[in-house]
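A closer look at the structure
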Amino acid sequence: MATRLAGKAAIITGATLGLGKAAALLFAREGASVVVCDRGRTPEHGEAVLREAQGLSGEIAYRECDVMNRADITDLVQFTLQRYGRIDVMVNNAIIDNPGGSIEEMRLQDWEEGIFCHLTAPFLFCQQVVPAMIRQGGGSIVNVSSNTALFGNTSISSYGPAKAGMISFTKHLAAAYGPHGIRANVVCPARMLTEKKLAMLEHNAAEVRRQQHIYPLGSPAVPEQVAEVLLFLASDESAAVTGHNLIADRGAAATNSAAVVQRIEADIKGRLQAQGSDWIEAER
């Protein structure tokens, strides 16, 4: 029986789909009591997580929580403490759609909502859980950032800047609360093969081919692969790790953009030559 989180209580935000759901089920499989939440707009997603958790060595409890609402954050933390008496793991994973565009087009409201969800809400959760972790002698905070935090983009939004701020915030947590036995780490995945991305790729063969060249390992990660990274940082297996930014993006951040272009060009050339075309040679 898997027991890497036996006896531990965890909160995972945004956990009824994608990475959050994969992590919740994995944590429960490893013996944790996991409180998951979303904004409650699609009750069937929460119900599906609870069904899939049946029979696992741990358990999953669902609670509606809008991370854009400070009172909801407080209620979720208090619910967890009342139910389990402790919080050993805090995973800040919730995201919202964050429109982008030119800086002239960017609405201040969209900018501020993105900053709140992706940076302020994790701060508020940590503000709530850190005292509990101090009282119990330690804990693990895992913040989910994004490899978008590591690059610039031609489309301006607050998502990348907020996720970059999360990396710095995590380092501050590690430095400030390490003496209390609290570890804080951050994970930077790329876009994963979640339900939403699979739907986007389903009828877009050109994008599928492009993805193969962006990632040195040949494809984006599936949520379950990144969930294993979250489990490592949540568990005592990472007892020596704090203040670390673990990039889990199948190699995308390690690759120079010129190398990606070269791989795409080589692929196009190979496909054209297979069709008997000399278009690329003619262009030279």
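Residues numbered from 1 in each chain as written. Predicted model: local features only at pLDDT ≥ 70, side-chain atom pairs only at ≥ 80, totals over all residues. Heavy atoms only, no water.

Orientation of helix α4 (residues 108-136) relative to helix α5 (residues 159-177), taken along the N-to-C sense of each, is 15°, at an axis distance of 9 Å. Viewed along their axes, α4 and α5 adopt a mutual orientation that is roughly parallel. The crossing of α4 and α5 is right-handed. Contact residues: α4 offers Trp 111, Gly 114, Ile 115, His 118, Leu 119, Pro 122, Phe 123, Cys 126, Val 130 and Ile 134, while α5 offers Tyr 159, Pro 161, Ala 162, Lys 163, Gly 165, Met 166, Phe 169, Leu 173 and Tyr 177. Classifying every residue of the contact of α4 with α5 gives 15 nonpolar, three polar and one charged. (Axes fitted to C-alpha atoms, helices over the stretch in contact; angles between N-to-C directions. Helix = DSSP H or I, 4+ residues; strand = E, 2+ residues; numbered from the N terminus. Parallel < 35°, antiparallel > 145°, perpendicular 65-115°, else oblique. Left-handed = near helix turned anticlockwise from the far one by under 90°. Contact = heavy atoms within 4.5 Å. Nonpolar A, V, L, I, M, F, W, Y, C, P; charged D, E, K, R; others polar.)

Within the largest apolar cluster, 33 residues are counted, with the highest numbers of intra-cluster contacts made by Ile 12, Phe 27, Val 34, Ile 60, Val 91, Val 187 and Leu 230. At the level of elements, β1 (9-12), α1 (18-29), β2 (33-38), β4 (89-92), β5 (139-144) and α8 (223-234) are the ones that each hand at least two residues to this core. By residue number, the principal contributor to this core is α1, which donates eight residues. Membership of the second largest hydrophobic core comes to 32 residues, among which are Ile 11, Leu 81, Val 130 and Met 133. (Core = buried A, V, L, I, M, F, W, Y, C linked by side-chain atoms within 4.5 Å. Buried < 20%, exposed > 50% of the residue type's maximum accessible area, 1.4 Å probe, protein only.)

The next thing to look at is helix α3 (residues 70-84). Helical geometry note: an α-helix holds 3.6 residues per turn, so side chains three or four residues apart project in the same direction. With 15 residues, α3 extends 22 Å between its outermost C-alpha atoms, agreeing within 8% with the 21 Å of an ideal straight helix rising 1.5 Å per residue. Among the residues making up α3, those that are buried are Ile 73, Leu 76, Val 77, Phe 79, Thr 80, Leu 81 and Tyr 84. Those residues of α3 that are buried lie in contact with β1, β2, β3 (59-64) and α4. (Expected span 1.5 Å × (residues − 1).)

This next bit is on the packing of aromatic side chains. A complete count under the given rule lists one aromatic pair for this structure. Aromatic side chains Phe 123 and Phe 169 sit 6.2 Å apart centroid to centroid with 65° between the ring planes, which places their arrangement in the edge-to-face category. Taken together, the positions of Phe 123 in helix α4 and Phe 169 in helix α5 put the pair 46 residues apart, joining distant regions of the chain. For Phe 123, a relative accessible area of 38% puts it in the partly exposed group. By relative accessible area, Phe 169 is classed as buried at 17%. (Phe/Tyr/Trp six-rings, centres within 6.5 Å; stacked < 30°, edge-to-face > 60°.)

Moving on: the side chain of Ser 157. With respect to the helices and strands, the residue Ser 157 is situated in the loop between β5 and α5. Here the side chain of Ser 157 touches Tyr 159 through a polar contact of 3.2 Å, landing on its backbone nitrogen. (Polar contact = N/O pair within 3.5 Å; in protein donor to acceptor, adjacent residues only side chain to side chain.)

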